[in-house]
Number of protein chains: 2
Amino acid sequence: MTDAGDATPASERIRLRRGAHLGSYDRDSVHVVLDAGVVAHVGVVTPEGPVVIPMGYGRDDDVLYVHGAVGNAALRAAEGEQVCVTVTVLDGLIVGRSPFHNSMRYRSVVVRGAARRVTAADEHMAALRLISDHVISTWEHARPPTDAEIRKTMVLAVPLAEASVKVRAGGPVDEPEDLDGPHWGGAVPLISSWGDPEPADDLVSGIVPPSSVTDIAGTRAT
Amino acid sequence: MTDAGDATPASERIRLRRGAHLGSYDRDSVHVVLDAGVVAHVGVVTPEGPVVIPMGYGRDDDVLYVHGAVGNAALRAAEGEQVCVTVTVLDGLIVGRSPFHNSMRYRSVVVRGAARRVTAADEHMAALRLISDHVISTWEHARPPTDAEIRKTMVLAVPLAEASVKVRAGGPVDEPEDLDGPHWGGAVPLISSWGDPEPADDLVSGIVPPSSVTDIAGTRAT
């Protein structure tokens, strides 16, 4: 993101080319999609080629955090290196009069940057809480993490300085000559919602879920 | 996939390390998750680092196809090179007694391999149809693609020879000493379904959606 606003990418490598009219580099728009998403797909280069791993994540202003076990091979390969973090929210399928104009309704963010390993204890703990609370704020209701649990967890920080966002809504953009034809065009929305909480099989009777869990039941997921 | 079955990865680079007990290399299990997913996250290496792009996809036996505009920078960078294609289906959030045991319910496939550009006309057309029909079979109801549309579309094939699949269901696996504590543990399912078809703004009145579209309305998305 730059002070130049939403029309100018912070670097050439995040410049939108295809469907650029659907996208921007606007900081707030990037945040909105990251806050709506649940899973990040993290791309890392290994000696055997790229690898893409789905991960939970959290955000603090213009920093995105991912975490995993200290021994996680993808995180270790990512430490100090260039990564790409992509978050996609799928909103539906778009059906064109021609398959060429099929598409999807989606919101997505692509972040490119160097992954910094978080070592300071306070940032490490804050990042774990951000990741834990990203969708459901259960941290304050849970048993606090032990020192051993914290030591076993590696956190990487990726700056949102180089990020683009793309949003595709609406229906197909078909060829003008197809509009009078016999073929249907439109969209099929994807509707995602959180269901009722399911207690663990080993839950002691009488323990009720925290309000952050019950509050989310029945709500739209994105 | 190898004849050795689901316990043996076809290569070291796809060996599951973390949570290996949740995964396999079983061909049918890989297919089931790929057929349930909608969006693939395709990882490619560029001179400026890795990039991960969300794409639709299709599958024909042990080949996965993705497509895009001939000028698509990520596809061009991928042509003939090693890529990683990851498909994730999110089924819910798992809430542990401790944040350390938070997790997600998910099904995911990670494919690593070289991306081959499809040049033969028959395979190209078949791949376009597979991608188009992956979730909703609209191809036969649509206006057939023109030669110009086909020429503008690039298709890459990625073999499923090196693929792993991971499935996480159920609830948290907490510390034994936490089970008698006061903290709730369980899961919040994510329920996704296809909504009612929405006609395009420019749809001529009287054109009804094909049965493949109306059949999917109200059904579970995965």
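Treat the numbers as computed from the prediction; the structure is a model and nothing was measured.

Brief notes about the domain arrangement of chain A
All names here are of chain A.
Argument step 1. Along its sequence, chain A is carved into domain 1 (12-175 + 185-190) and domain 2 (193-222).
Argument step 2. Here the C-alpha centroids of domain 1 and domain 2 sit 25 Å apart.
Argument step 3. Counting residues at the interface gives 11 residues for domain 1, matched by nine residues for domain 2.
Argument step 4. For the pair domain 1 and domain 2, the summed buried surface comes to about 630 Å²; carbon and sulfur atoms form 71% of the total.
Argument step 5. Among the residues of domain 1 in contact with domain 2, Val135, Ile136 and His141 are the three that bury the most area, contributing 50% of the side total.
Argument step 6. Applying the counting criterion to the domain 1 and domain 2 interface returns zero salt bridges.
Argument step 7. Joining domain 1 to domain 2, the criterion identifies one residue pair in polar contact (both at pLDDT 80 or more).
Argument step 8. Here the side of domain 1 that touches domain 2 is built from residues that sort into six nonpolar, three polar and two charged.

Focus: the relation of the copies chain A and chain B
Argument step 1. Mapping chain A onto chain B is achieved by rotating through 180 degrees and translating by 0.0 Å along the same axis, at an RMSD of 0.0 Å. Overall, the copies show the geometry of a two-fold rotation axis. For chain A, the minimum C-alpha distance to the rotation axis belongs to Ser192 of chain A and amounts to 2.1 Å.
Argument step 2. Of the interface residues in chain A, 100% have counterparts in chain B that sit at the interface too, so the contact is made through matching surfaces.

Overview of the sheet that holds strand β5 (residues 63-69) of chain B
Two strands in a sheet stick together by hydrogen bonds in their backbones, pointing the same way (parallel) or opposite ways (antiparallel).
Residues and elements named next belong to chain B.
Argument step 1. Ordered in space as β4-β5-β9-β8, the four strands form an open sheet in which the pairing is antiparallel. If you trace the sheet from one side to the other, it starts and ends with β4 (57-60) and β8 (116-117), each paired once.
Argument step 2. As judged from the four bridges shared by β4 and β5, these two strands associate in the antiparallel manner. Note that in β5 the partner of Tyr57 across the bridge is Val66.
Argument step 3. Against the sheet, helix α1 (residues 27-36) makes contact with β4 and β5, and its axis sits at roughly 145 degrees relative to β4, the strand it touches most.
Argument step 4. Contacts from helix α3 (residues 121-132) reach β4, β5, β8 and β9 (153-159) within the one sheet, and its direction differs from that of β5 by about 90 degrees.

Topic: the sheet that holds strand β4 (residues 57-60) of chain A
All names here are of chain A.
Argument step 1. Overall, antiparallel pairing links the four strands, which are arranged β4-β5-β9-β8 in an open sheet. The open sheet is flanked by β4 and β8 (116-117), the only strands paired with a single partner.
Argument step 2. The sheet contacts of helix α3 (residues 121-132) involve β4, β5 (63-69), β8 and β9 (153-159), and relative to β5 the element is tilted by about 90 degrees.

Quick look at the pattern of salt bridges
Residues and elements named next belong to chain A.
Argument step 1. If you walk through the whole model with that rule in mind, you get 28 salt bridges over all chains.
Argument step 2. We note a salt bridge from Arg129 to Asp133, for which the minimum N-O separation is 3.2 Å.
Argument step 3. The partly exposed category is assigned to Arg129, whose relative accessible area is 36%.

A word on the side chain of His41 of chain B
Argument step 1. In this fold, His41 of chain B is placed in strand β2 (residues 40-46).
Argument step 2. A relative accessible area of 4% means that His41 of chain B is categorised as buried.
Argument step 3. Of the polar contacts made by the side chain of His41 of chain B, one reaches the side chain of His41 of chain A; its length is 3.3 Å.
Argument step 4. Look past the residues within four positions of His41 of chain B in its chain and what remains in contact with it is His41, Val52, Thr86 and Thr88 of chain A together with Val52, Ile53, Pro54, Cys84, Val85 and Thr86 of chain B.

Some remarks on the pairing of strand β6 (residues 82-95) of chain B
Residues and elements named next belong to chain B.
Argument step 1. Among the 14 residues of β6, 13 are classified as buried, and the element is accordingly described as predominantly covered.
Argument step 2. Sheet analysis places β2 next to β6, joined by four bridges and oriented antiparallel. Directly across from His41, in β6, lies its bridge partner Thr86.
Argument step 3. Both β6 and strand β7 (residues 103-114) contribute to a ladder of 12 bridges, which runs antiparallel. Bridging from a neighbouring strand, Leu93 pairs with Met104 of β7.
Argument step 4. Bridge count for β6 against strand β11 (residues 186-194) is four bridges, and the pairing is antiparallel. Looking at the pairing, Leu93 lines up with Val188 of β11.

Definitions and cut-offs
Residues numbered from 1 in each chain as written. Chains lettered and ligands numbered in written order. Predicted model: local features only at pLDDT ≥ 70, side-chain atom pairs only at ≥ 80, totals over all residues. Heavy atoms only, no water. Domains from an automatic or database assignment. Contact = heavy atoms within 4.5 Å. Buried area = accessible area lost by both parts, 1.4 Å probe. Salt bridge = Lys/Arg side-chain N within 4 Å of Asp/Glu carboxyl O. Polar contact = N/O pair within 3.5 Å; in protein donor to acceptor, adjacent residues only side chain to side chain. Nonpolar A, V, L, I, M, F, W, Y, C, P; charged D, E, K, R; others polar. Least-squares fit on C-alpha atoms with pLDDT ≥ 70 in both. Pairing = 2+ DSSP bridges. Helix = DSSP H or I, 4+ residues; strand = E, 2+ residues; numbered from the N terminus. Axes fitted to C-alpha atoms, helices over the stretch in contact; angles between N-to-C directions. Buried < 20%, exposed > 50% of the residue type's maximum accessible area, 1.4 Å probe, protein only.

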